[in-house]
Amino acid sequence: GENVEQHPSTLSVQEGDSAVIKCTYSDSASNYFPWYKQELGKRPQLIIDIRSNVGEKKDQRIAVTLNKTAKHFSLHITETQPEDSAVYFCAAWNYGQNFVFGPGTRLSVLP
Amino acid sequence: EPEVTQTPSHQVTQMGQEVILRCVPISNHLYFYWYRQILGQKVEFLVSFYNNEISEKSEIFDDQFSVERPDGSNFTLKIRSTKLEDSAMYFCASNPGQGVGGYTFGSGTRLTVV
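Here goes a summary of the coordinates provided. Along every chain, residues carry numbers that run from 1 in the direction the sequence is written. Whichever chain is written first is A, and whichever ligand is written first is 1; the rest continue in order. Reporting of local features is limited, given that this is a predicted model, to residues whose pLDDT is at least 70; pairs of side-chain atoms are given and counted only at 80 or more, and all residues count toward the totals for whole chains, interfaces and linings. To obtain the side-chain values, all non-hydrogen atoms of the structure were included, while hydrogens and water were left out.

1. Describing the layout of surface pockets
The calculated volume of the largest pocket comes to roughly 460 Å³. In terms of lining residues, the largest pocket is bounded by 21 residues, among which E2(A), N98(A), F99(A), V100(A) and F45(B) are the most central. Of all elements in the fold, only β10 (100-101) of chain A together with β5 (43-50) and β6 (53-57) of chain B reach the threshold of two or more residues within the lining of the largest pocket. Put simply, DSSP marks the helices as runs of H or I at least four residues long and the strands as runs of E at least two long, and each gets a number from the N terminus on. The element that contributes the greatest number of residues to the lining of the largest pocket is β5(B), accounting for three residues. Computed over the protein atoms alone on a 1 Å grid, cavities are sets of points where a 1.4 Å probe fits but cannot get out and pockets are open sets with protein on both sides within 12 Å along at least five of seven lines; a residue lines them when it has an atom within 4 Å of a point. Grid points are joined across faces, edges and corners, and a volume is the space filled by probe spheres set on the points.

Right, dumping it as structure tokens:
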């Protein structure tokens, strides 16, 4: 089955700096890769996603890149703000299957 | 915007007791899911449900667990004889079709087994 790894497990950045979180997946059939932001005690919220036929997607300060050959994808947050502090989960999904989540990255943006 | 609603938001139960977690998926959705998140850990898939039957379940979803769609709106997760290690956040999710578009998580039920 699918296995998703995520690094780093914790990340601290200064406000205004960029943050990058990387995930790798094992199943080459996975074709959809969302990123979720989870604030303490709340549900995972989808922040950006990418499908396997696209190499990069951007939404304001957030971007995701996908390397299908290497089976890894990354979340990029630019101009970080304190409200970006949360746990971020990547996930991989294959048609007809279910999400497999990475272990999460705790991002702290220091003012 | 349509939401997946879960009740209760927090449930405390004695070890060995049975609990039922309730979910109301988005009304036109056909696929339903339960996920579990132990505090500080990743979200783990438990079970998916379609056409009034389980379509897939993980190794976590053993005989202690069962799911039901007792009427046209509710989707429940029953945990029999709860154990301390069942303490977690349980998320329901629903999806309009087998594709990924529209996949929506509920707000979660925090289960505490004491």
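The structure having been displayed, the exposition proceeds.
2. Focus on the state of the cysteines
All names here are of chain B. Any pair of cysteine sulfurs within 2.5 Å is marked as a disulfide. All told, the structure shown has two disulfides over all chains when counted by the stated rule. Residue C23 pairs covalently with C92 via a disulfide, S to S 2.0 Å. Given an S-S torsion of about -65 degrees, the disulfide between C23 and C92 has left-handed geometry. Here C92 lies in strand β9 (residues 88-95) and C23 lies in strand β3 (residues 19-24), a separation of 69 residues in the sequence.

3. Observations concerning the side chain of T13(B)
Tracing the sequence through the fold places T13(B) in strand β2 (residues 10-13). Other than its neighbours up to four places away in sequence, T13(B) contacts V19(B), T82(B), L111(B), T112(B), V113(B) and V114(B). When checking whether two residues touch, look at their non-hydrogen atoms; a contact exists if any pair is within 4.5 Å.

4. So, the packing of aromatic side chains
Aromatic rings considered in pairs are described by the distance between their centres and by the relative angle of their planes. Centres within 6.5 Å are what make two rings of Phe, Tyr or Trp a pair, Trp counting through its six-membered ring; a difference in plane orientation under 30 degrees is then read as stacked, over 60 as edge-to-face, and the rest as tilted. Enumeration according to the criterion identifies 23 aromatic pairs over all chains in this entry. With a centroid separation of 6.0 Å and 55 degrees between ring planes, the pair formed by Y25(A) and F73(A) is classed as tilted. Residue Y25(A) is found in strand β3 (residues 19-25), and its partner F73(A) is found in strand β8 (residues 72-77); the two are separated by 48 residues along the sequence. Seen from their ring centres, Y35(B) and F105(B) are 5.4 Å apart, and the 55 degrees between their planes marks the pair as tilted. Of this pair, Y35(B) sits in strand β4 (residues 31-37) while F105(B) sits in strand β10 (residues 104-105); the two residues are 70 residues apart in sequence, bridging distant segments of the chain. Taken as a pair, Y35(B) and F105(B) share a single burial class, namely buried. Linked through ring pairs, Y32(A), Y36(A), F89(A), W93(A), F99(A), F101(A), Y33(B), Y35(B), F45(B), F91(B) and F105(B) together constitute an aromatic cluster. Classification of residues uses two cut-offs on accessible area relative to the type maximum, computed with a 1.4 Å probe and protein chains only: under 20% is buried, over 50% is exposed, and between them is partly exposed.

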